[in-house]
4 protein chains.
Amino acid sequence: MANSKYEYVKAFERCQPDILLPNTWIVIRIDGRGFHKLTAKHDFSKPNDRRALDLMNEAGVGVMRELPDLILAYGISDEYSFVFHKDCNLFERRAAKLVTTVATTFTSYYIHLWSKHFPDKELTPPMPSFDGRAVMYPSVGNLRDYVSWRQVDCHINNLYNTTFWALINQGGMSATAAEQRLAGTISADKHEILFKQFGINYNNEHDLYKKGTVLYRDYDLERSNPSSATAETSLSSGVAAEGSTDSIKAQVTPSMASADAAIAVISKTQAEKEKKRRAKVGVKVEHVDVIKDDFWQRRPWILSGRAGKLKEEVSKAKRGTAE
Amino acid sequence: MANSKYEYVKAFERCQPDILLPNTWIVIRIDGRGFHKLTAKHDFSKPNDRRALDLMNEAGVGVMRELPDLILAYGISDEYSFVFHKDCNLFERRAAKLVTTVATTFTSYYIHLWSKHFPDKELTPPMPSFDGRAVMYPSVGNLRDYVSWRQVDCHINNLYNTTFWALINQGGMSATAAEQRLAGTISADKHEILFKQFGINYNNEHDLYKKGTVLYRDYDLERSNPSSATAETSLSSGVAAEGSTDSIKAQVTPSMASADAAIAVISKTQAEKEKKRRAKVGVKVEHVDVIKDDFWQRRPWILSGRAGKLKEEVSKAKRGTAE
Amino acid sequence: MANSKYEYVKAFERCQPDILLPNTWIVIRIDGRGFHKLTAKHDFSKPNDRRALDLMNEAGVGVMRELPDLILAYGISDEYSFVFHKDCNLFERRAAKLVTTVATTFTSYYIHLWSKHFPDKELTPPMPSFDGRAVMYPSVGNLRDYVSWRQVDCHINNLYNTTFWALINQGGMSATAAEQRLAGTISADKHEILFKQFGINYNNEHDLYKKGTVLYRDYDLERSNPSSATAETSLSSGVAAEGSTDSIKAQVTPSMASADAAIAVISKTQAEKEKKRRAKVGVKVEHVDVIKDDFWQRRPWILSGRAGKLKEEVSKAKRGTAE
Amino acid sequence: MANSKYEYVKAFERCQPDILLPNTWIVIRIDGRGFHKLTAKHDFSKPNDRRALDLMNEAGVGVMRELPDLILAYGISDEYSFVFHKDCNLFERRAAKLVTTVATTFTSYYIHLWSKHFPDKELTPPMPSFDGRAVMYPSVGNLRDYVSWRQVDCHINNLYNTTFWALINQGGMSATAAEQRLAGTISADKHEILFKQFGINYNNEHDLYKKGTVLYRDYDLERSNPSSATAETSLSSGVAAEGSTDSIKAQVTPSMASADAAIAVISKTQAEKEKKRRAKVGVKVEHVDVIKDDFWQRRPWILSGRAGKLKEEVSKAKRGTAE
């Protein structure tokens, strides 16, 4: 079509650097914008509003279902992190497209599901919205440290908030007084305040609040490795070995590295097939430790990017031969 | 808070270049993802579905209301472009934040308002979502050419689609046959097909379809400049003079350019005041020519970034002294 | 050629964002690396070493000669800024290529010409080197403010250094004592120290030291505008009018803006012709005020990016008709 | 210092994305600009000019000496690639600074050493210059594939050029005829032409031409691993194990990954110490296969980024206890 006179402006679009580096793990993190106002407007309960977290998680599951390239998601409070595998080539790894697709799909579910979780609260402007960003992590270690960082944050914030709101709601303190009371305290102090002053054993709080929520494709778990239970940092066990094999393949020998690349190029059809397999299985919603090795060792498909064992197959077969 | 062990991963976030160049116009364009499937699923009427366009436009207005920094928006089909002034410093001009905020706010309204415009169509997964991008334009000329590009696209696509669907719906052709019939035709040919074969005068089609939709702050229009009506390219009239003064200030004399910068730094309070003034006036929804000078000359507040004359003031005062 | 197995690594090169935004002025600034060691090693005289500055300037001229796309350069101390016109399309505006080409060409001349300026000082490792960066400026105002910033820096630094070294060399102070003496002083104080204590009238210092060095294509100067001599900020005079006309053309009217773009696309041959014309004229080396309008008004070819009047033509013709 | 009026322009410098992603290998590749003209101007011999390559290599050694952070360099023809370790934090990993420093230091040596290698050829404008770029590689596999890519290129180009120039210089063909003669030929064909027609056994050509030049810190080689000689892809041997341990540490266990990060932060002093150790040993210049594992297995300090065994220590001590 003719249209040439003004079309030169398209050239300006090339100037936003956008292609994320190949062979790096991509994390898209979204955050609720101005959610303190939203929580006030709709009287969210403190320190945690179960309905609000359920809504976040159901929206997260919606995103996982629509984007089979995602291997994992982790949510706390009003934020959610979505992880694409380092080999993922969705949208040719264009950052803007990845981040807006994840953020608007999440928003779409959030608004759509609002009335299910808050049947008595009508949404009115200003409407909930989310900002987002894309970050690259070159190694599995970096990626796991990212997830660990978020879960440690969850723990620290929730312990603080639980104590803070106990001082206010049950202790009758003002917000300022509660803040001053907690200034300079360490974890043990907060546990003690909760227990001695309010009879709350923090360890009995719901894992949803203490550990956040992790989403992943629901394949059959690997049998727990007894040796790894006590020694998560052992390099010789389970996933560590898996990981090491993987990284040797990916990193050390040139022929295999290029073989990888070759695969990435050649077997688009296989990539599509994997994607369809991932799309078929359900999305598991859990509130567990994602810092220790155990989580990753028992779910090797997350980091391998390959489909795991289907649960049905296993139950039918009752054999340990899969894969 | 303690949290230092994993926190180093934050350093990886700095590596996505994100700050948009100061003193450039920022356009955020969003596009419906896979909307051909959506239109099929919900039986959108062809070539244009009035309800769908009304929904897009109402979502656009929602975005304009929530982000007073926006000076203009232009929508066609399932895409919308939002324009921030070159002096805008929202989110410190971080691209990811700007693009995700606009895209998710739009999505939020789109989903929320869906049932109003499609009361009989329930949304089900996959849900509507939008991708987005940020583009910088250094000059007013580039920015206007961008808007012109989109409006020319609107015209070309709508003329094609109107003829295409007339051949199918009224002419009983197959899609393939209609496509072949239109191959190689120019505008005049399509006008003739519409008129001779189907009695449709394209010029009588609704401007919503032919011109798309422009959104801007609803200040009092400048009096049309009679001389400019016939000579849009005249440099001596209306906005051109406005523009030239502006650009002289901004571009030629160093003292004033730095004065501008000084203002940008010093009077954050004034910028806030302007923002509030913008937030107060309504958002005008129009289907008009945005290619010719007239549109911009009569609405000088769009490019100047300053509040225009309030309509009430004018009607009360009946004097030309405002501002 | 076969070579495909490893060639996938080329894909990683796309991920460094590199294309500079069209329609923006490009400044490449280079800085001597660790030149304080170099100055010590080769006993540069203080506060200014004439030979070292002459070497910098001759290297700068070499760069201007080899890259006709450059419109201006400005040097002080061990730094040099080179300016490409906003319409320049050299290396398709790839930042890395522009910055390394300028930086290595400068280095090449610097080393080659070293023995001419320092016949008695042999270069030995570590060798002189320069780092560099590319910065974009959207408007003429921004660009002139950049140049002004560097010249103000030159002035401030030179006044300080001149006084500092007078206190040491003539006043017999230690570096620490001189530093303390100058702490908190303003310009007037330093002028007074120089004059009263050492009989130095700073205004009589060489302009090379006080104003730095500006390089540009040596066309025939415009006649000085008498009105502008006293009122540099007047918008109605000389270059300001030039500039304003230019910016109106470039920024306000869409047809002309796109005409510009069209030209940019169509007449590569014309661009080449301009380049050749620029390559033919000499490079002027001056130590003058580049902050006030006068410099730019009398050399309109710098900002217009078009060839100016050749000096010979003028002297032959003795008429005011040129171009 | 006062200087604030124009200083706002510094804000524009933030907009060039510059920080290279942590934990990725950085390759700076520089290429001679317009060297075909240079080779013509100075009558370089064909297909290879020994003096020109010696000059390139000596300049490369100069760069390695001045930048102890470099772990490796590889040169062919008029290009050179320099590799920084993935943990390197030189210039805070700012791309522009890294690339210009490497490129101008190389240029500095190239010009300085020219007269030594070409005593009878005086440099005149246009002067030699180099463009450069920075590329990130996340894994050792990617990095080795990059180096392999360049060495395969060296081989392919040199075989072609050797045959091409034999056809011309000894065969009396025109360039066009030689080109046509070689069109569609594979390696074996070129070997045959060389041998049958000109009595040249390509395998006897100098390794400098066939394999290019690799530069690295000259520590004591590891004993060749007999098993690896026949099985380069074996994962259990030498460097592979080294690499695997490394990558396990870096990638799989979170505690160790963060320990790594902690080290990177804490022990700047140790990093400095390593740097000094690297600066002390010589730079080895070799023309060997860098595609197979053997090269990397016997020089584990290259990829580990830690100092290797000093040659003197070994010869003195005659014991296998070092480190």
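Going by the structure above, here's the rest.
What you see as residue numbers is a count from 1 along each chain, following the sequence as written. Here every chain gets a letter starting at A, and every ligand a number starting at 1, in the order they are written. For a predicted model such as this one, the threshold for reporting local features is a pLDDT of at least 70, and the threshold for listing and counting side-chain atom pairs is 80 or more; totals across whole chains, interfaces and linings nevertheless cover every residue. Excluding hydrogens and water, the side-chain values take into account all heavy atoms of the structure.

K.L.:
I'd like to hear about the overall build of chain A, residue by residue, with values.
P.N.:
Each helix corresponds to a stretch of at least 4 residues labelled H or I by DSSP, and each strand to a stretch of at least 2 residues labelled E; elements are numbered beginning at the N terminus. The secondary structure content of chain A amounts to 15 helices and six strands. Exposure classes here rest on a 1.4 Å probe applied to the protein chains alone. A residue is buried below 20% of its type maximum, exposed above 50%, and partly exposed in between. Counting across all 323 residues of chain A, residues that qualify as buried make up 55%. Pairs of residues are marked as contacts when any of their non-hydrogen atoms sit within 4.5 Å. Sequence-distant contacts in chain A: of pairs separated by 6 or more residues, those separated by 24 or more amount to 76%. Of the accessible surface of chain A, which amounts to about 14,100 Å², a share of 51% is contributed by carbon and sulfur atoms. Using a 1.4 Å probe, accessible areas were evaluated by the Shrake-Rupley method; residue-level cover was limited to the displayed protein chains.

K.L.:
Tell me about the interface of chain B and chain A, and please be specific about residues and values.
P.N.:
Contact residues are listed per partner, giving 57 residues for chain B and 57 residues for chain A. Buried area: the accessible surface (1.4 Å probe) lost by two parts on joining, summed over both. Between chain B and chain A lies a buried interface of about 5,000 Å² when both sides are counted; carbon and sulfur atoms form 61% of it. Criterion for a salt bridge: a side-chain nitrogen of Lys or Arg within 4 Å of a carboxyl oxygen of Asp or Glu. For the pair chain B and chain A, the number of links is two salt bridges. Between Lys97(A) and Asp131(B) there is a salt bridge, and its shortest N-O distance comes to 3.4 Å. Definition of a polar contact: a pair of N or O atoms within 3.5 Å, with one able to donate and the other able to accept a hydrogen when the atoms are protein atoms, and with sequence-neighbouring residues admitted only if both atoms are side-chain atoms. Between chain B and chain A we count 18 residue pairs in polar contact (both at pLDDT 80 or more) in total. The set of elements that each furnish at least two residues to the side of chain B that touches chain A consists of α1 (4-7), α4 (95-117), β4 (130-137) and α5 (140-170) of chain B. Each residue gets one of three labels, nonpolar for Ala, Val, Leu, Ile, Met, Phe, Trp, Tyr, Cys and Pro, charged for Asp, Glu, Lys and Arg, and polar for the others, Gly among them. Partitioned by chemical class, the residues of the side of chain B that touches chain A number 30 nonpolar, 15 polar and 12 charged.

K.L.:
Pulling in residues and values, what's your account of the sheet that holds strand β2 (residues 70-76) of chain A?
P.N.:
Residue and element names in this part refer to chain A. Across the sheet, six strands lie side by side as β4-β1-β3-β2-β5-β6; this open sheet has antiparallel pairing. At either margin of the open sheet sits one strand with a lone partner, and together these are β4 (130-137) and β6 (283-286). Strand after strand, the sheet turns through a mean of 15 degrees between neighbouring axes, direction not considered. When DSSP finds two or more bridges between a pair of strands, those strands are recorded as paired. Sheet analysis places strand β1 (residues 25-32) next to β4, joined by eight bridges and oriented antiparallel. Among the inter-strand pairings, Ile26 is bridged to a residue of β4, identified as Met136. To obtain each axis, a line is fitted to C-alpha atoms, and for helices this fit is confined to the stretch in contact; angles are then taken between N-to-C directions over 0 to 180 degrees.

K.L.:
Explain the pairing of strand β3 (residues 79-84) of chain B to me, using residue names and the numbers behind them.
P.N.:
All names here are of chain B. In terms of burial, β3 is largely enclosed, as six of its six residues are buried. Pairing of strand β1 (residues 25-32) with β3 involves six bridges; the strand directions are antiparallel. Its bridge partner being in β3, Arg29 is matched across the sheet by Ser81. Taken together, the six bridges between strand β2 (residues 70-76) and β3 define a ladder with antiparallel strand orientation. Bridge pairing in β3 places Leu70 opposite Phe84. Two successive antiparallel strands, β2 and β3, enclose a turn made up of two residues, where Ser77 displays a positive phi of approximately 50 degrees.

K.L.:
Got a sec to walk through the packing of helix α3 (residues 50-66) of chain C against helix α4 (residues 95-117) of chain C? Specific residues and values, please.
P.N.:
Residue and element names in this part refer to chain C. Where α3 meets α4, the closest approach of the two axes is 8 Å, and the angle between their N-to-C directions is 135 degrees. Between α3 and α4, the crossing angle belongs to the class labelled oblique. Remark: the crossing between α3 and α4 carries right-handed chirality. On the side of α3, the interface is formed by Arg51, Asp54, Leu55, Met56, Glu58, Ala59, Gly60, Gly62, Val63 and Glu66, while α4 contributes Val102, Thr105, Phe106, Tyr109, Tyr110, Leu113, Trp114, Lys116 and His117. Across the contact of α3 with α4, the residue classes break down as 10 nonpolar, four polar and five charged. Angle categories are assigned with fixed cut-offs, so that under 35 degrees is roughly parallel, over 145 is roughly antiparallel, 65 to 115 is roughly perpendicular, and the rest are oblique. Put simply, a crossing is left-handed when the front helix is turned counterclockwise from the back one by less than a right angle, and right-handed when it is turned clockwise.

K.L.:
Before we move on, could you go through the relation of the copies chain B and chain A and cite the residues and values that matter?
P.N.:
C-alpha atoms of residues with pLDDT of at least 70 in both copies form the basis for the least-squares superposition of the copies. Of the two same-sequence chains, chain B is brought onto chain A (RMSD 0.1 Å, axial shift 0.0 Å) by a rotation of 180 degrees. In symmetry terms, the pair is related by a two-fold rotation axis. No C-alpha of chain B approaches the rotation axis more nearly than that of Thr104(B), which lies at 2.5 Å. Looking at the interface residues of chain B, 100% of them are also at the interface in chain A, so both copies use one shared face.

K.L.:
Please provide a residue-by-residue account of the environment of Phe118(D), values included.
P.N.:
Its location among the elements puts Phe118(D) in the loop between α4 (95-117) and β4 (130-137). Along the primary structure Phe118(D) and Arg51(D) are separated by 67 residues, whereas in three dimensions their C-alpha atoms are 7.1 Å apart.

K.L.:
Go over the nonpolar core with me, naming the residues and quoting the values.
P.N.:
Remark: nonpolar core denotes a set of buried residues (Ala, Val, Leu, Ile, Met, Phe, Trp, Tyr, Cys) joined through side-chain atoms within 4.5 Å. Tyr110(A), Tyr110(B), Tyr110(C) and Tyr110(D) are the most contacted members of the largest nonpolar core, which totals 302 residues. Dropping the residues within four chain positions of it, Tyr110(B) is found in contact with Phe35(B), Leu38(B), Leu55(B), Met56(B), Ala59(B), Pro128(B) and Phe130(B).

K.L.:
Explain the sheet that holds β2(B) to me, using residue names and the numbers behind them.
P.N.:
All names here are of chain B. Taken in spatial order, the six strands make up an open sheet running β4-β1-β3-β2-β5-β6, and their pairing is antiparallel. A strand with exactly one partner marks an edge of an open sheet, and here the two such strands are β4 and β6 (283-286). In this sheet, neighbouring strand axes are inclined to one another by 15 degrees on average, regardless of whether the strands run parallel or antiparallel. Contacts from α4 reach β1, β3 and β4, with the element oriented near 40 degrees to β1.

K.L.:
For the packing of aromatic side chains, give the residues involved together with the corresponding values.
P.N.:
Aromatic ring pairs: the centre-centre distance and the angle between the two ring planes describe each pair. Between the rings of Phe, Tyr and Trp (Trp by its six-membered ring), a pair exists once the centres lie within 6.5 Å; its type follows the angle of the planes, with under 30 degrees stacked, over 60 edge-to-face, and the other angles tilted. Enumeration over the complete set of coordinates arrives at 80 aromatic pairs over all chains. For the ring pair Tyr137(B) and Tyr146(B), a centre distance of 5.5 Å and an interplane angle of 35 degrees mean the geometry is tilted. When its relative accessible area of 0% is taken as the criterion, Tyr137(B) is described as buried. Look at Tyr146(B) and you get buried, because its relative accessible area is 1%. Relative to Trp301(C), the ring of Tyr219(C) lies with its centre 5.5 Å away and its plane at 75 degrees, an arrangement referred to as edge-to-face. Of this pair, Tyr219(C) sits in the loop between β5 (213-217) and α9 (226-230) while Trp301(C) is found in helix α14 (residues 300-304), placing the two residues 82 residues apart along the sequence. For Tyr219(C), a relative accessible area of 2% puts it in the buried group. On the accessibility criterion, Trp301(C) (6% relative accessible area) is buried. The structure contains a cluster of three or more aromatic residues connected by ring pairs, namely Phe35(A), Phe44(A), Tyr80(A), Phe82(A), Phe106(A), Tyr110(A), Trp114(A), Phe118(A) and Phe130(A). Placement of a positive charge over a ring is assigned whenever Lys NZ or Arg CZ falls within 6 Å of the ring centre and within 35 degrees of the normal to the ring plane. Positioned over the ring face of Phe91(B) is Lys97(B), at 5.5 Å from the centre of the ring.

K.L.:
Before we move on, could you go through the side chain of Thr101(D) and cite the residues and values that matter?
P.N.:
Residue placement: Thr101(D) occurs in helix α4. Judged by relative accessible area, which is 1%, Thr101(D) ranks as buried. Leaving out residues up to four positions away in the same chain, Thr101(D) has contacts with Arg33(C), Phe130(C), Asp131(C), Leu67(D) and Phe91(D).

K.L.:
Describe the pattern of salt bridges, with residues and values.
P.N.:
Considering all chains together, one arrives at 60 salt bridges over all chains under this definition. A salt bridge links Arg150(A) to Glu79(A), with the nearest nitrogen and oxygen atoms 2.8 Å apart. Of the two residues, Arg150(A) sits in helix α5 (residues 140-170) while Glu79(A) sits in strand β3 (residues 79-84), which places them 71 residues apart along the sequence. The pair formed by Arg150(A) and Glu79(A) is uniform in burial state, with each residue classed as buried. Note that Arg50(C) and Asp54(C) form a salt bridge whose closest N and O atoms lie 3.1 Å from each other. Taken together, the positions of Arg50(C) and Asp54(C), both in helix α3 and four residues apart, correspond to about one turn of that helix. According to the relative accessible area criterion, Arg50(C) is partly exposed, its value standing at 37%. Its relative accessible area of 26% is what places Asp54(C) among the partly exposed residues. If you follow the salt bridges from partner to partner, you end up with Glu79(A), Arg150(A) and Asp153(A) in one network.

K.L.:
Kindly report on the environment of Val285(B), identifying the contributing residues and their values.
P.N.:
All names here are of chain B. Relative to the assigned elements, Val285 resides in strand β6. We classify Val285 as partly exposed; its relative accessible area is 37%. Counting along the chain gives 68 residues from Val285 to Arg217, while the straight-line C-alpha distance between them is 9.2 Å. Not counting the four nearest positions on each side in its chain, Val285 is found in contact with Val61, Thr213, Val214 and Leu215.

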